[in-house]
Amino acid sequence: MNTNKDKKCIHDGHRKRLRQSIETIGLEKMNAINQLEFILTLCKPRGDTNELAHRLLDEFGSITNVLDAPKSCLEKVKGVGKSTASILSIFPDIINLYIKQK
């Protein structure tokens, strides 16, 4: 008997492949979708982040614009809740803290 649990999803292992790509080629050499997908995996512990990465880039145009967007604007994008918006909006502060302390 076939159940949904028996079927392999094309996204199975995608997060692991993203991490492996980062380790192999580096985050800078990945395309913007994959870069944002990885960032979104830090915000959303489960689920596919590909569609959300596309929606965010379509809406804001770049990863920089996504991270600089006000939380209220981020929350208007389907799939972005308060938690994800809060985490995304803290990235510039984390980056600035890193640069200052380095």
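Everything discussed here concerns the structure shown above.
Residues numbered from 1 in each chain as written. Predicted model: local features only at pLDDT ≥ 70, side-chain atom pairs only at ≥ 80, totals over all residues. Heavy atoms only, no water.

Caption draft 1: The arrangement of the overall build of the protein chain in detail. When helices and strands are tallied, the protein chain shows 6 helices and 0 strands. Moving toward the C terminus, one meets the helices and strands of the protein chain in the order α-α-α-α-α-α. Each of the 102 residues in the protein chain was classed as buried or not, and the buried ones make up 28%. Relative to all contacts within the protein chain whose residues are 6 or more apart in sequence, the contacts with residues 24 or more apart total 38%. As displayed, the protein chain offers around 7,400 Å² of accessible surface, 53% of which is attributable to carbon and sulfur atoms. (Helix = DSSP H or I, 4+ residues; strand = E, 2+ residues; numbered from the N terminus. Buried < 20%, exposed > 50% of the residue type's maximum accessible area, 1.4 Å probe, protein only. Contact = heavy atoms within 4.5 Å. Areas by Shrake-Rupley, 256 points an atom, 1.4 Å probe, with all protein chains shown as cover.)

Caption draft 2: Quick peek at the nonpolar core. Within the largest apolar cluster, 20 residues are counted, with the highest numbers of intra-cluster contacts made by Leu 36, Leu 56, Val 66, Leu 74 and Leu 88. Breaking this core down by element, the ones donating at least two residues are helix 2 (32-43), helix 3 (50-60), helix 4 (63-68) and helix 6 (82-101). Look past the residues within four positions of Leu 88 in its chain and what remains in contact with it is Ile 39, Leu 40, Cys 43, Leu 56, Val 66, Leu 67 and Leu 74. (Core = buried A, V, L, I, M, F, W, Y, C linked by side-chain atoms within 4.5 Å.)

Caption draft 3: The pattern of salt bridges, seen in detail. What the rule picks out here adds up to 2 salt bridges. Here Arg 55 and Glu 51 are joined by a salt bridge, their closest N and O atoms 3.7 Å apart. Of this pair, Arg 55 and Glu 51 both sit in helix 3, 4 residues apart, which is roughly one turn of that helix. Glu 75 serves as the salt-bridge partner of Lys 82, at 3.8 Å between the closest nitrogen and oxygen. (Salt bridge = Lys/Arg side-chain N within 4 Å of Asp/Glu carboxyl O.)

Caption draft 4: Highlighting the packing of helix 2 against helix 6. Packing of helix 2 against helix 6 leaves a shortest axis separation of 9 Å and a crossing angle of 120 degrees. One element, helix 2, and the other, helix 6, form an angle in the oblique class. Regarding helix 2 and helix 6, the two cross each other, and that crossing is right-handed. Contact residues: Ile 39, Leu 40, Leu 42 and Cys 43 in helix 2; Thr 84, Ile 87, Leu 88 and Phe 91 in helix 6. (Axes fitted to C-alpha atoms, helices over the stretch in contact; angles between N-to-C directions. Parallel < 35°, antiparallel > 145°, perpendicular 65-115°, else oblique. Left-handed = near helix turned anticlockwise from the far one by under 90°.)

What is shown is where atoms sit, not what they do.
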